[in-house]
Amino acid sequence: MLISLPTIPLVVTADGIRYLSLGLGDFFFAGTLATQTLKKFGKKTAIASAIAMTLSFGVFEAFLLSTDFGAFPGTVMIICGWIPIITWKLIAERKTKSNGTKENKLEKEFRF
């Protein structure tokens with residue numbers, strides 16, 4: 001299934017009114033990623049990833065409106081919004097774990 005909405009304000013070309021379209025599978029995929037992010041990383045990260053995916057859609061759709069491309073894979077838009085948030089979260093967790101490990105080693109070394 002394809003969900004198509006007219007642009008606001010209306011963009012009329014020689015071919016007619018321009019529509020923004022997105023497959024139902026892309027909505028499902030974005031929702032699944034947000035849900036799994038919630039389960040693994042928590043509420044704040046899931047909300048940040050959903051917002052990033054939405055912003056990514058907006059940027060790509062604005063790009064599509066300013067070029068002659070007819071469509072762009074929705075999966076690419078979703079991944080471009082989701083990956084930076086997850087990468088940031090994984091790096092932040094790795095730094096926290098490495099700092100905690102160093103502190104624990106120092107505590108053990110200087111314990112009397």
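For the structure itself, look to the data block above.
Description of the structure in this document.

1. Here's the deal with the layout of surface pockets
- In this structure, the largest pocket spans a volume of roughly 210 Å³.
- Ile-3, Leu-5, Leu-20, Ser-21, Leu-22, Phe-27, Phe-57, Gly-58 and Glu-61 are the residues that line the largest pocket.
- Elements that contribute at least two residues to the lining of the largest pocket include exactly β1 (2–6), β4 (19–23) and α2 (43–65).
- Here the residues of the lining of the largest pocket are counted per class, giving six nonpolar, two polar and one charged.

2. Focus on helix α1 (residues 24–41)
- With 18 residues, α1 ought to run about 26 Å at 1.5 Å a step, and its terminal C-alpha atoms sit 26 Å apart, in line with that.
- Of the positions making up α1, those classed as buried are Asp-26, Ala-30, Leu-33, Ala-34, Thr-37 and Phe-41. For α1, the buried positions fall inside an angular range of 95 degrees around the axis, keeping them on one side. Opposite the buried face of α1, by more than 90 degrees, sit the exposed residues Phe-28 and Lys-39.
- Two residues or fewer past α1, Gly-42 is found with a positive phi of approximately 105 degrees.

3. Here's the deal with the packing of α1 against α2
- Contact pair α1 / α2: the axes reach a minimum separation of 7 Å and the direction vectors enclose 155 degrees. In terms of axis orientation, α1 runs roughly antiparallel to α2. Both α1 and α2 take part in a crossing whose hand is right-handed. Contacts from Ala-30, Ala-34, Thr-37, Leu-38 and Phe-41 of α1 reach α2 at Lys-43, Thr-45, Ala-46, Ser-49 and Met-53.
- In terms of residue class, the contact of α1 with α2 is built from six nonpolar, three polar and one charged.

4. A short note on the nonpolar core
- If you look at the biggest cluster of nonpolar residues, it comprises twelve residues: Leu-22, Ala-30, Leu-33, Ala-34, Phe-41, Met-53, Phe-57, Phe-60, Met-77, Ile-78, Trp-82 and Ile-86.
- Within the residue set of this core, elements represented by two or more residues are α1, α2 and α3 (74–109).

5. So, the environment of Thr-37
- Take Thr-37: it is sitting in helix α1.
- The buried category is assigned to Thr-37, whose relative accessible area is 3%.
- C-alpha of Thr-37 to C-alpha of Ile-47: the two residues are ten residues apart in sequence and 8.9 Å apart in space.
- If we skip the residues at most four places from it in the chain, Thr-37 touches Gly-42, Thr-45, Ala-46, Ser-49, Trp-82 and Ile-86.

Criteria and thresholds
- Residues numbered from 1 in each chain as written.
- Predicted model: local features only at pLDDT ≥ 70, side-chain atom pairs only at ≥ 80, totals over all residues.
- Heavy atoms only, no water.
- 1 Å grid on protein atoms, 1.4 Å probe; cavity = no way out; pocket = protein on both sides within 12 Å on 5 of 7 lines; lining within 4 Å.
- Points joined across faces, edges and corners; volume = space filled by probe spheres on them.
- Helix = DSSP H or I, 4+ residues; strand = E, 2+ residues; numbered from the N terminus.
- Nonpolar A, V, L, I, M, F, W, Y, C, P; charged D, E, K, R; others polar.
- Expected span 1.5 Å × (residues − 1).
- Buried < 20%, exposed > 50% of the residue type's maximum accessible area, 1.4 Å probe, protein only.
- Arc of directions from axis to C-beta.
- Axes fitted to C-alpha atoms, helices over the stretch in contact; angles between N-to-C directions.
- Parallel < 35°, antiparallel > 145°, perpendicular 65-115°, else oblique.
- Left-handed = near helix turned anticlockwise from the far one by under 90°.
- Contact = heavy atoms within 4.5 Å.
- Core = buried A, V, L, I, M, F, W, Y, C linked by side-chain atoms within 4.5 Å.

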